[in-house]
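# Structural features, examined
Chain by chain, the residues:
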Amino acid sequence: MSDTHLDTSAAKKAFRSGTDGYSVAVGTRTFRIAMVVFALLIIGLIAAPAFVGRSQIRDMMQIMLLIGLAQCWNLLAGYGGLISVGQQAFVGLGAYFMFYCIIYVGMDPLVAVLAATVGGAIISVPIGLLTFRMQGAYFAVMTWVVAEVFRILASIYPGLGGGTGTGLPRSATSEMFGIEATATLFDMRSSTSREVVIYWAMLLAMLVVVIGAYYMLRSSRGLALMAIKDDEVAAESVGVDITRSKFIVYVFAGAGAALFGALYHLQKGTIDPNSAFSVIDWTAYVIFIVVIGGLGTIMGPIVGAIVFVLLETFLADFGPWYLMFLGALAIVMMLFAPQGLWGIFTERTGIELFPTRRRLLRDGKERP
Amino acid sequence: MLLQLTGVNKRFGAVVAADDVTMHVEKGEALGIIGANGAGKSSLFNLCTGVLKADSGEIKFHGHDVTRASVRERCREGMGRSFQIPKPFESLTVFENLLTAAEFGCKDDRRSIGETARILEITGLADKANTEAGKLTLLNRKRLELARALATTPDLLLLDEIAGGLTEGECHELVELIKDLNAQGVTIVWIEHIVHALLSVVSRLIVLERGKIIAQGEPKAVMNDPEVKRSYLGIDDDMDEEVA
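All values reported here derive from a predicted model rather than from experimental measurement.

Let us look at the overall build of chain B. Helix and strand content of chain B: ten helices and ten strands. By the compact-globule yardstick of 18 Å for 244 residues, chain B fits well, its C-alpha radius of gyration being 18 Å. Along the three orthogonal principal directions, the C-alpha set of chain B runs to about 60 × 40 × 35 Å. Each of the 244 residues in chain B was classed as buried or not, and the buried ones make up 55%. Surface accessibility of chain B: about 9500 Å² in total, with carbon and sulfur atoms responsible for 49%. Charged side chains of chain B number 29 positive and 38 negative; the gap between the two group centres comes to 6 Å.

To continue, consider the overall build of chain A. Helices and strands together make up the secondary structure of chain A, namely 17 helices and five strands. Its C-alpha atoms give chain A a radius of gyration of 23 Å, within 12% of the compact-globule value 21 Å for 368 residues. Dimensions of chain A along its principal axes, counting C-alpha atoms only, are 80 × 50 × 45 Å. With 368 residues in all, chain A has 51% of them scored as buried. Partitioning the intrachain contacts of chain A with sequence separation of at least 6 by distance along the chain shows that 76% fall at a separation of at least 24. Of the roughly 17000 Å² of accessible surface on chain A, 67% is carried by carbon and sulfur atoms.

Looking now at the domain arrangement of chain B. The accessible area lost on association of the parts is a frequent measure of interface size. Residues and elements named next belong to chain B. Along its sequence, chain B is organised into domain 1 (3–78 + 155–243) and domain 2 (87–153). Counting residues at the interface gives 18 residues for domain 1, matched by 16 residues for domain 2. Carbon and sulfur atoms supply 62% of the area that domain 1 and domain 2 bury against each other, a total of about 1400 Å² over both sides. Of all residues in domain 1, Arg-76, Ile-162 and Leu-177 give up the largest surface area on contact with domain 2, accounting jointly for 35% of the area buried on that side. Connecting domain 1 to domain 2 are one salt bridge. The salt bridge partner of Arg-143 is Glu-173, with a shortest N-O separation of 2.7 Å.

Residues and elements named next belong to chain B. Read from one edge of the open sheet, six strands run β6-β7-β8-β3-β9-β10, paired in mixed fashion. If you trace the sheet from one side to the other, it starts and ends with β6 (79–81) and β10 (212–217), each paired once. Taking the axes of each pair of neighbouring strands and ignoring which way they run, one obtains an average angle of 20 degrees across the sheet. Across the sheet, helix α1 (residues 41–49) is in contact with β3 (30–35), β6, β7 (156–160), β8 (187–191) and β9 (204–209); its angle to β7 comes to roughly 150 degrees. The sheet contacts of helix α5 (residues 138–150) involve β6 and β7, and relative to β7 the element is tilted by about 165 degrees.

A cluster of nonpolar side chains, contributed by Val141(A), Val145(A), Val149(A), Ile152(A), Leu153(A) and Ile156(A), occupies part of the molecular surface with about 530 Å² of accessible area. Structurally, the position occupied by Val145(A) is in helix α6 (residues 136–156).

Taken together, the 40 residues of chain A in the interface contact 45 residues of chain B. Here chain A meets chain B over a buried area of about 3900 Å², counting both sides, of which 61% is carbon and sulfur. Of the charged contacts, one joins Arg357(A) and Glu96(B) as a salt bridge, the two residues approaching to 2.7 Å between their closest N and O atoms. Mapped by element, the contributors of at least two residues to the side of chain A that touches chain B are α1 (10–16), β1 (22–25), α10 (220–230), α11 (232–237) and β4 (359–362) of chain A. Here the side of chain A that touches chain B gets seven residues from one element, more than from any other, and that element is α10(A).

This part takes up the packing of aromatic side chains. All names here are of chain A. The full count for this structure, using the stated rule, is 16 aromatic pairs over all chains. Residues Phe-90 and Tyr-250 carry aromatic rings whose centres are separated by 5.9 Å and whose planes lie at 85 degrees to one another, so their mutual orientation is edge-to-face. Of this pair, Phe-90 sits in helix α4 (residues 88–105) while Tyr-250 is found in helix α12 (residues 242–268), placing the two residues 160 residues apart along the sequence. Each member of the pair, Phe-90 together with Tyr-250, is buried. With a centroid separation of 6.0 Å and 45 degrees between ring planes, the pair formed by Phe-186 and Trp-200 is classed as tilted. Of this pair, Phe-186 sits in helix α8 (residues 179–186) while Trp-200 sits in helix α9 (residues 190–218); the two residues are 14 residues apart in sequence, bridging distant segments of the chain. Overall, the relative accessible area of 23% leaves Trp-200 in the partly exposed class. Taken together through their ring pairs, the aromatic side chains of Phe-31, Phe-38, Tyr-214, Tyr-215 and Phe-354 make up a single cluster.

Bringing the pairing of β8(B) into the picture now. Residues and elements named next belong to chain B. Across the five residues that make up β8, a large majority, five, are buried. Summarising the sheet, β3 and β8 pair through four bridges and their orientation is parallel. The partner of Ala-30 across the bridge, within β8, is Ile-188. Examined bridge by bridge, β7 and β8 share five bridges and lie parallel to one another.

The end-to-end C-alpha distance of α12(A) is 39 Å, a good match for the 39 Å that 27 residues give at a rise of 1.5 Å each. Positive phi appears at Gly269(A), one or two residues downstream of α12(A), with a value of about 85 degrees.

Turning our eyes to something else, we now look at the sheet that holds strand β1 (residues 3–12) of chain B. Residues and elements named next belong to chain B. If you trace the four strands from one edge of the open sheet to the other, you get β2-β1-β4-β5, paired in antiparallel fashion. In this open sheet, the two strands that pair with only one neighbour each are β2 (15–25) and β5 (64–65). Sheet analysis places strand β4 (residues 56–61) next to β5, joined by two bridges and oriented antiparallel. Pairing of Phe-61 across the sheet is with His-64, part of β5. With respect to the sheet, α1 is in contact with β1, β2 and β4, its orientation differing from that of β1 by roughly 120 degrees.

Calculation rules
- All chains use their own residue numbering, which begins from 1 and follows the written sequence.
- Chains and ligands are labelled by the order in which they are written, letters from A for the one and numbers from 1 for the other.
- Where totals are concerned, whole chains, interfaces and linings use all residues; where local detail is concerned, this predicted model gives features only for residues with pLDDT of at least 70, and gives and counts side-chain atom pairs only at 80 or more.
- In computing side-chain values, all of the structure's heavy atoms are included and hydrogens and water are not.
- Only DSSP runs of H or I covering at least 4 residues are called helices, and only runs of E covering at least 2 are called strands; the numbering of each starts at the N terminus.
- Here the radius of gyration uses the C-alpha set of atoms, whereas the globule reference equals 2.2 Å times the residue count to the power 0.38.
- To sort residues, take the accessible area from a 1.4 Å probe on protein chains only and compare it with the maximum for the residue type: under 20% means buried, over 50% means exposed, and anything in between is partly exposed.
- Only the protein chains shown count as cover for residues, with accessible areas throughout obtained via the Shrake-Rupley method and a probe of 1.4 Å.
- Positive charges come from Lys and Arg alone, negative charges from Asp and Glu alone, with His and the N- and C-terminal ends not counted.
- In plain terms, the charge of a residue is placed at NZ if it is Lys, CZ if Arg, CG if Asp and CD if Glu.
- Contacts were defined at the residue level, with two residues in contact if any of their heavy atoms lie within 4.5 Å.
- Residue ranges assigned to each domain were obtained from an automatic or database domain assignment.
- Summed over both partners, buried area is the accessible surface (1.4 Å probe) that two parts give up on being assembled.
- Any Lys or Arg side-chain nitrogen found within 4 Å of a carboxyl oxygen on Asp or Glu counts as a salt bridge.
- A pair of strands counts as paired when DSSP detects no fewer than two bridges linking them.
- To obtain an axis, a line is fitted to C-alpha atoms, over the contacting stretch when the element is a helix, and the angle between two such axes runs from 0 to 180 degrees between their N-to-C directions.
- In this analysis, a patch consists of residues with relative accessible area above 30% that form no salt bridge, clustered at 9 Å for like charges and at 5 Å for the nonpolar side chains Val, Leu, Ile, Met, Phe, Trp and Tyr.
- Each aromatic pair joins two rings of Phe, Tyr and Trp (for Trp, the six-membered one) with centres within 6.5 Å, and gets the label stacked for planes under 30 degrees apart, edge-to-face for over 60, and tilted for any other angle.
- An expected span of 1.5 Å times one less than the residue number is assigned to each helix.

Okay, structure coming up:
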């Protein structure tokens, strides 16, 4: 019995030195294979402009935009327990901030996108301080109210066109970093190469958000978030800083939404308050995507975004019926498959492409 | 003195959860708390750990005032607790439950994987390390409550009916473990209805009734106190004589 005692002094020293044969593993074989596949896929996506047309590039940008936004919302709701219906606030603010930086500060558009991302992170702090005073449904309502306030402010601010909005000056986007080089590389017109540069930026942004979210979940912050989701009182009782954990997620999601809002509007070249702060485009569709794909998984939003864009493409001719179908589908999924498409897939196959489980090993072997 | 409560009051409307509670816990001792259901035992733990905020009074831990400190701060100061109804992090594995506690609950760098593994061994959970906590049996959930609290390296361990619902054998095992922990210097405050288990560990006993301490002291003397017999055991001394 004595060798299994919790010796508070000597044992601790011995254990910290790592001579006890215990170790922790997170990755799995599937994960390593998946990483190779993902790496190949990313290389393919980088090279894509060389062999696909402009409309496919646009479709892919649409998917990447939605994956990025959905991943942010997934992190908020699926891991932070924060049901926000006001993420359009950050999309719109990011977009407006980028426009401001290009038009009034004279930044290169890609630098302005970075500035908008940082701006999104900074503005999410006071917004969070305000909305975090509310719980549950009140929090959701509050996030929407805040987004509406920003929409109204944007529509009365004359500097960027007020309610009717404005466009980016041609000179700003045609001189954007990388356009010339890309045009020469692929032997294409500068209007096309502009889109290719934004496509790469969008790809990079998506990768940063997905990989960033995954690494956060693998870190101890991920443990804290899961613990909070399971039982807040117990989490606090073992020292988890609840507000801080939620705040980190909130700032991450705010910065992410601002980043994608800026990129989307850079591609579009115009901005107006109603579309930049649209609750339908930036929150309702995004929630649909996460619900369809699977809340609380990294793959869920990816699957959901692809499915959503496919549905949009094939059902576009049905007009309002298409929206009713989306609504019905979301309800059916929530009732009968709350784990989403990826959740169903994982249940059936046991395959988890982004594992976060920390397994305790002894001498490199897992206990039963 | 490790923990000191002075004139602590807590009310929920007409219900008195703590009525002018003044008590202390010495460093290294094992203290038992008994009382009927609703006597305010769990509320007392919630006041100590900060889950409930006292209406008035003062709570000192390690000599400084923690009356207004958060749950998290008190945990990191060295307060560990188990919940009467186990509250495992169900979607995490047993090991991850402990890892969370070790990562966030330790005030300094006293954590390591090996130590977490050792806590799993002494609490009998080593074979369940990689099992999701939501799939555990009641016994293992109770063990996890204890293990997770230990992973925060507490100086003071507040155990809330940890033996409730266990078989005699399981209960015995738990008692031995708690004795060991106490012998190694962890201060124990234990709320328990299974009196014989409690009395085999604690050296001092407090009895609560409607939020008030009605008796405290050496366990045998306290258990023989007529007030305690009436309140807690439902035994009236007069009736005793009649039966005799």
